[in-house]
Amino acid sequence: MSSTPHCITAADISAAAEILAGHALRTPVMTSHQADHLTGAKLFFKCENFQRVGAFKFRGAYNAIAQLSEAQRKAGVIAFSSGNHAQAMALAARELGVNVTIVMPNDAPETKLAATRGYGANVVIYQRHSENREEITQRLAAEQGLSIVPPYDYPQVMAGQGTATKELIEEVGPLDVLLVSTGGGGLLSGSAIAAHHWSPGCRVYGVEPQAGNDVQQAFRSGQPVRIPVPKTIADGAQTQQVGTLTFPIIQQYVEDILTVTDAQLCRQMRFFMERMKMVVEPTGCLAAAAAMNSLLDLRGKKVGVIVSGGNVDVDKIAQYLAMGAQE
Ligand SMILES: *Cc1c(COP(=O)(O)O)cnc(C)c1O
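Rules used in this analysis
Residues numbered from 1 in each chain as written. Predicted model: local features only at pLDDT ≥ 70, side-chain atom pairs only at ≥ 80, totals over all residues. Heavy atoms only, no water. UniProt positions renumbered as here; feature names shortened; annotations may be inferred. Buried < 20%, exposed > 50% of the residue type's maximum accessible area, 1.4 Å probe, protein only. Helix = DSSP H or I, 4+ residues; strand = E, 2+ residues; numbered from the N terminus. Arc of directions from axis to C-beta. Near = heavy atom within 4 Å. Polar contact = N/O pair within 3.5 Å; in protein donor to acceptor, adjacent residues only side chain to side chain. Nonpolar A, V, L, I, M, F, W, Y, C, P; charged D, E, K, R; others polar. Pairing = 2+ DSSP bridges. Contact = heavy atoms within 4.5 Å. Axes fitted to C-alpha atoms, helices over the stretch in contact; angles between N-to-C directions. Parallel < 35°, antiparallel > 145°, perpendicular 65-115°, else oblique. Left-handed = near helix turned anticlockwise from the far one by under 90°. Salt bridge = Lys/Arg side-chain N within 4 Å of Asp/Glu carboxyl O.

In the annotation of an unreviewed UniProt entry, the protein chain is listed under the name L-threonine dehydratase catabolic TdcB and assigned to Serratia inhibens. Looking at the protein chain in UniProt, the text filed under Pathway (unreviewed entry) is "Amino-acid degradation; L-threonine degradation via propanoate pathway; propanoate from L-threonine: step 1/4." In its Catalytic activity (unreviewed entry) section, UniProt records this for the protein chain: "L-serine = pyruvate + NH4(+)".

What follows is the structure, encoded as structure tokens:
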């Protein structure tokens, strides 16, 4: 494997944990007898659906803005996001007294648009299938002197995301396996570094939607692969290409990338609702769906499952649950 140092280390995750103390929530770890019975494993669900703004993204956003210089914070920040990073940036910026602009796709879920505006962010809408969000963001940043905080490919964001796994291991002890949902790889890279450091020997797997398996293709071919915008209900994992900073960490510290179907995500949403009384968004179900559909033999293993988020349009929940009903 590459001997180039990675852009973050466990020390950066510890530093992020200190910055986040008193600002991000230490989310609960839940268990389920039924889930353990079905898998033959002991599953520990780290419930970031209960994090502030309803997803782990608050961790990375807050850590990133907090580490900007005084001058940068005065000028303001800008981010592009399909949703949870937007809300996270909006709330974190508000708490840190920093002006924030968010570039969001026209098809972002209504709840996410409303929540982002509700936190006081200036929202700029772009057409997901015809416009380039990075170009728009860069132009606005240059015109207004704003600092760009990307959703995953940014060291302080990756380190912030890694704090969820640090907390999980502190709470339940070393793990045999850790399953993590994956879009651009910010959560996975931070989680993998944390697991490697605080639970050496833990095998870390990323989980993607089957329709958007760009990270799996990249992992297996050894180089980043670009795919069209994937059609999946996992809107938080509709990224087209793994990050350039996240990928080398994934290559070194992750065992493999697994995929699950939208039907499996709907069944998992139903399981969380029925058995654990939790609302989890489709993307937040990726890791758990991999565990519960026997993609790995987990029998006798102690398994961490990152439940990454809980933001889903309330009007769509019934439809997803119906799709997840067993025939
Ligand atoms: C953003 C997001 C992901 C994917 O995170 P990456 O860091 O882009 O890999 C997974 N789940 C939820 C709920 C998200 O919001």
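Having seen the model, we can carry on.
Attention now goes to helix H14 (residues 314-323). Buried within H14 we find Ile317, Tyr320 and Leu321. In an axial view of H14, the angular spread of the buried residues amounts to 95 degrees, which keeps them on one side of the axis. Structural note: H14 exposes Asp315, Ala318 and Ala322 on the side pointing more than 90 degrees away from its buried face.

Attention now moves to the site of the ligand. Lining the immediate environment of the ligand, one finds 16 residues, of which Lys57, Asn84, Gly183, Gly185 and Ser308 sit closest. A distance of 2.8 Å separates an oxygen atom of the ligand from a polar atom in the backbone of Gly185. Residue Leu187 places a main-chain N or O atom 2.9 Å away from an oxygen atom belonging to the ligand. Grouping the constituent residues of the shell around the ligand by class yields 3 nonpolar, 11 polar and 2 charged.

Right, let's get into the sheet that holds strand S5 (residues 122-126). Strand order across the open sheet formed by 4 strands is S5-S4-S3-S6, with parallel pairing between neighbours. Of all strands in the sheet, those bounded by a partner on one side alone are S5 and strand S6 (147-148). Relative to S5, strand S4 (residues 100-105) is paired through 5 bridges, and the arrangement is parallel. Within the sheet, the bridge partner assigned to Val103 lies in S5 and is Val124. Contacting strand S3 (77-80) and S4, helix H5 (residues 84-95) runs over the sheet at an angle of about 170 degrees to S4. The sheet contacts of helix H6 (residues 110-118) involve S4 and S5, and relative to S5 the element is tilted by about 150 degrees.

Glancing now at the packing of helix H8 (residues 155-172) against helix H9 (residues 186-198). As a packed pair, H8 and H9 sit with axes 7 Å apart at the nearest point and diverge in direction by 45 degrees. As judged from the angle between their axes, H8 and H9 are oblique. As H8 packs across H9, the resulting crossing turns out to be right-handed. Contacts from Met158, Gln161, Gly162, Thr165, Lys166 and Ile169 in H8 reach Gly186, Leu187, Ser189, Gly190, Ser191, Ala194, Ala195 and Trp198 in H9. Taken together, the residues of the contact of H8 with H9 break down into 6 nonpolar, 7 polar and 1 charged.

Using the criterion set out here, one finds 13 salt bridges in the structure. In this structure, the salt-bridge partner of Glu143 is Arg139, at a minimum N-O distance of 3.7 Å. Here Arg139 and Glu143 lie together in helix H7 (residues 133-144), a separation of 4 residues that amounts to about one turn. Linked by salt bridges that have partners in common, Lys46, Glu48, Arg59 and Glu167 make up one network.

On to the sheet that holds strand S1 (residues 29-30), then. In space, the 6 strands of this open sheet follow the order S1-S2-S10-S7-S8-S9, with mixed pairing throughout. At either margin of the open sheet sits one strand with a lone partner, and together these are S1 and strand S9 (256-260). Note that strand S2 (residues 42-47) and strand S10 (residues 302-307) share 6 bridges and pair parallel. Note that in S10 the partner of Leu43 across the bridge is Val303.

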